[in-house]
Amino acid sequence: MIPTEVFDYEDIQLVPNKCIIESRSEADTTVEFGPRTFKIPVVPANMETVLNESLAVWLAENGYFYIMHRFKPEKRHDFIKKMHEKNLFASISVGVKENEHDFIDELSNSKDVPEYVTIDIAHGHSDSVIRMIKHLKKSLPDSFVIAGNVGTPEAVRELENEGADATKVGIGPGKACITKLKTGFGTGGWQLAAVRLCSKAAQKPIIADGGIRYNGDIAKSIRFGAAMVMVGSLLAGHDESPGDKIMIDGKTYKQYWGSASEKQKGAYRNVEGKQMLVPYRGAIADTLQEIRQDLQSSISYAGGRKLNDIRYVDYVVVKNSVMNGDNY
């Protein structure tokens, strides 16, 4: 049962513990996720305005996790081959329609097995996702399967029981998402509480997807149980991000749109996303380094040495939200 009184990122502040390290540079931000270990628990959103093939290569070469989007489906098989030719891991997204099942069979028959496959649909607690999980585990048993998106503990339990290796939590909290306005449903406005509830039900890793506005929100996601945090708008707008720069009143921006937007779909049909501009931010390497350094500071404030030490800190509610369940 979902409590009626919940909270989001801006409602929560983590409480510091005594620092036990001499320098924040000693703090270990690495995370083991599936068959690999990555520098930070952050993955760029699998959106066309956040990630493309060249950026995926750079991320894999430099120790970061990525999930290639599924909006150019005809290029996915070649993408897997190219990544493996470079001795890099392949991480792709799939949908749930019949042609996607055929694509999985194609990969299985050709022995081009991606290390990670993400089932990427807006409402992941569905029979169609369960069918795809079963198909993936049968046809590509060596792939690490991420299923989503979901927003309830029941969904996490069911997808895990059906074979998902991780679940992605978040329905409509993203900056370019208007699901809650269009449908009345979702985790927009209580995403952090959804992460907390789902992580308590999970036996396997979860990815907190959406609602991240500041680097500190990544630490809050870890505190409430996320193994990995998916970030969209904060990682859009870089030199390496797809899309053109736009100058307005002397300031530079880049386009950013939701995966369920009219721009992405190419038609106004079941639209639950919008197009917007995000500030130009320069090189993505600088932003990722800043995130790593901020996480190191978070670990030091947590009184720890490694990332998961953040999970044991106290927290306070700093706005009008009220917590149910655990003591603070």
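Everything numeric in this text was worked out from a predicted model, so none of it was measured. (Residues numbered from 1 in each chain as written. Predicted model: local features only at pLDDT ≥ 70, side-chain atom pairs only at ≥ 80, totals over all residues. Heavy atoms only, no water.)

Undergrad: Could you clarify how one ought to interpret the nonpolar core in this entry?
TA: Side chains that are nonpolar tend, in soluble globular proteins, to be buried together. One finds Phe33, Phe65, Tyr66 and Ile119 to be the most contacted residues of the largest nonpolar core, which totals 97 residues. Tallying contributions element by element places helix 7 (residues 191–201) first for this core, with 6 residues. Ignoring any residue separated from it by four or fewer positions in sequence, one finds phenylalanine 33 in contact with Phe38, Phe65, Tyr116, Phe144, Ile146, Ala166, Pro205, Ile207, Ala227 and Met228. (Core = buried A, V, L, I, M, F, W, Y, C linked by side-chain atoms within 4.5 Å. Buried < 20%, exposed > 50% of the residue type's maximum accessible area, 1.4 Å probe, protein only. Helix = DSSP H or I, 4+ residues; strand = E, 2+ residues; numbered from the N terminus. Contact = heavy atoms within 4.5 Å.)

Undergrad: Can you help me understand the packing of helix 3 (residues 98–110) against helix 4 (residues 127–139) in this one?
TA: Between two packed helices, both the angle of their axes relative to each other and the distance between the axes serve to describe the pair. For the pair helix 3 and helix 4, the least separation of the axes is 10 Å and the interaxial angle reads 10°. With respect to each other, helix 3 and helix 4 are oriented roughly parallel. Contacts between helix 3 and helix 4 involve Glu100, His101, Ile104, Asp105 and Ser108 from the first element and Arg131, Met132, His135, Leu136 and Ser139 from the second. Considered class by class, the residues forming the contact of helix 3 with helix 4 number 3 nonpolar, 4 polar and 3 charged. (Axes fitted to C-alpha atoms, helices over the stretch in contact; angles between N-to-C directions. Parallel < 35°, antiparallel > 145°, perpendicular 65-115°, else oblique. Nonpolar A, V, L, I, M, F, W, Y, C, P; charged D, E, K, R; others polar.)

Undergrad: Just checking my understanding: could you explain the pattern of salt bridges for this structure?
TA: Once their charged atoms are close, side chains differing in charge can pair, the charge on each being opposite to the other. Taken as a whole, this structure holds 9 salt bridges when the rule is applied. Note that aspartate 120 is salt-bridged to lysine 168, the shortest N-O span being 3.9 Å. In this pair, aspartate 120 is assigned in strand 6 (residues 116–120) and lysine 168 in strand 8 (residues 166–169), connecting sequence segments 48 residues apart. When sorted by exposure, aspartate 120 lands in the same class as lysine 168, which is buried. Sharing partners across several salt bridges, the network here consists of Arg70, Asp120, Lys168 and Asp209. (Salt bridge = Lys/Arg side-chain N within 4 Å of Asp/Glu carboxyl O.)

Undergrad: It is not clear to me how the pairing of strand 5 (residues 91–94) should be interpreted in this structure. Could you clarify?
TA: Two faces, one strand: in a regular strand the side chains alternate between the faces of the sheet. Of the two faces of strand 5, both are covered, the one formed by Ser91 and Ser93 as well as the one formed by Ile92 and Val94. Here strand 5 runs beside strand 6; their pairing, made up of 4 bridges, is parallel. Across the sheet, the residue bridging to valine 94 is isoleucine 119, located in strand 6. Regarding topology, helix 3 serves as the crossover connection from strand 5 to the parallel strand 6, and that connection is right-handed. (Pairing = 2+ DSSP bridges. Right-handed = clockwise from strand over helix to strand, strands pointing away.)

Undergrad: How should the packing of aromatic side chains be read in this particular structure?
TA: Any two aromatic rings considered together are summarised by their centre-to-centre distance and by the angle between their planes. Using the criterion set out here, one finds 15 aromatic pairs in the structure. With centroids separated by 5.3 Å and ring planes inclined at 55°, the aromatic side chains of phenylalanine 33 and phenylalanine 65 adopt a geometry described as tilted. Of the two residues, phenylalanine 33 is situated in strand 2 (residues 31–33) and phenylalanine 65 in the loop between helix 1 (53–61) and helix 2 (76–85); the sequence distance between them amounts to 32 residues. Judged by relative accessible area, phenylalanine 33 falls into the buried class, the value being 0%. Seen in terms of ring centroids, phenylalanine 89 and tyrosine 116 are 5.7 Å apart; in terms of plane orientation they differ by 70°. Their pairing is edge-to-face. On the criterion of sequence distance, the pair formed by phenylalanine 89 in the loop between helix 2 and strand 5 and tyrosine 116 in strand 6 is long-range, its members being 27 residues apart. The buried category is assigned to phenylalanine 89, whose relative accessible area is 5%. Overall, tyrosine 116 belongs to the buried group, its relative accessible area being 0%. (Phe/Tyr/Trp six-rings, centres within 6.5 Å; stacked < 30°, edge-to-face > 60°.)

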